[in-house]
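# Topology and contacts: notes
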Amino acid sequence: GEFMGRAIGIDLGTTNTAVAVLKGSRPEVIEDDKGYKVLPSYVSSKGAGKFLVGQAAKNLVLTHPQHTVYAIKRLIGRRFDSPQAIEARKRMAYRIEPAPDGSCLVGMGDQTYSPVEISSMILKVARKIAERSLGEEVSEAVITVPAYFNDAQRAATFEAARLAGLKCERLVNEPTAAALAYGFKKAYNKTIVVYDLGGGTFDITVLRLED
């Protein structure tokens, strides 16, 4: 379609986020200015509306636990009374509070943010990494999500992209993305099993590849 900037692919992970782009006809994972191929999915508040995202935020998880949010993917699009949110409250050092609509809010210092806002901060930095590498504006993205994500979780991911200034062209299920990468430019006719051993989740999906 007609668009201004390049489109990027984003794996918005529980633990790490990665950004890829098509260079020629090959997909390539983009490195940040320090040569890292992953952006830790961590956000830390410096106060006064300033935030650290990525490795710098991850470095503060032990020294500033009440100001550093991670594994936000476990809470996005989930209700405060869901088993996952209850489990997260036992394990996370940061505050998790109920929002007026029954979803979750997370606390950093004396401020609270929605999981969508936190996710958008991570996506914004992912977008900046891509723009720096490509030397041009990026306005569109394809984002991967777990196959089990429900409508609320998918809608929240779309919204996070919108807040980060990205038009999310589509959400691709993570195992489908893995199968597409495996079958890229190959005429396979077989059944494959995709193991996704992630930082926060371990999923297994059976897929049928046909041409």
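An account of the accompanying structure is given in this report. Sequence order sets the numbering: in each chain, residues are counted from 1 along the sequence as written. In keeping with the model being predicted, local features are shown solely for residues with a pLDDT of at least 70 and side-chain atom pairs are shown and tallied solely at 80 or more, while totals for entire chains, interfaces and linings include all residues. The side-chain values count all of the structure's non-hydrogen atoms but skip hydrogen atoms and water molecules.

### Quick look at the sheet that holds strand β6 (residues 50-53)
Note: two strands are recorded as paired if DSSP finds a minimum of 2 bridges between them. In this text, helices come from DSSP runs of H or I with a minimum length of four residues, and strands from runs of E with a minimum of two, each type numbered from the N-terminal end. Spatial strand order, β6-β5-β7: three strands in an open sheet with antiparallel pairing. Edge positions in the sheet fall to β6 and β7 (68-70), since each has one partner strand and no second. Strand-to-strand, the axes of this sheet are offset by a mean angle of 20°, without reference to chain direction. Helix axes are fitted to C-alpha atoms over the stretch in contact, other axes to C-alpha atoms as well, and angles between N-to-C directions run from 0 to 180 degrees.

### Observations concerning the nonpolar core
Counting residues in each nonpolar core, the largest one holds 48 residues, and the members touching the most others are I8, I10, L75, I96, I118 and I143. Examining the composition of this core, we find that nine residues originate from one element, helix α3 (residues 115-134), more than from any other. Note on definitions: a residue-residue contact is assigned when non-hydrogen atoms from the two residues lie within 4.5 Å. Residues in contact with I96, not counting those within four places in the same chain, are L75, F80, A88, R89, C104, L105 and V106. We call a set of buried Ala, Val, Leu, Ile, Met, Phe, Trp, Tyr and Cys residues a nonpolar core when their side-chain atoms join them within 4.5 Å. Burial here depends on accessible area, computed with a 1.4 Å probe over protein chains only, as a share of the maximum for the residue type. Under 20% is buried, over 50% is exposed, and the range in between is partly exposed. If you look at the next biggest cluster of nonpolar residues, it comprises five residues, including A179, I192, V194 and L207.

### Re the sheet that holds strand β8 (residues 95-98)
Spatially, the three strands line up as an open sheet ordered β8-β9-β10, and their pairing is antiparallel. Of all the strands in the sheet, just β8 and β10 (111-113) have a single pairing partner and so form its edges. In this sheet, adjacent strand axes meet at a mean angle of 40° when their direction is disregarded. As defined by bridge partners, β8 adjoins strand β9 (residues 104-108) across four bridges and the pair is classed as antiparallel. Within the sheet, the bridge partner assigned to E97 lies in β9 and is L105.

### With respect to unusual backbone geometry
Look at A48: it is not a glycine, yet its phi comes out positive at around 55°. Mapped onto the elements, A48 comes out in the loop between β5 (42-47) and β6. Classification of A48 by relative accessible area gives exposed; the value is 80%. For A71, which is not glycine, the phi torsion reads 50° and is therefore positive. Within the element layout of this structure, A71 appears in the loop between β7 and α2 (83-91). Here A71 falls in the buried class, since its relative accessible area comes to 6%.

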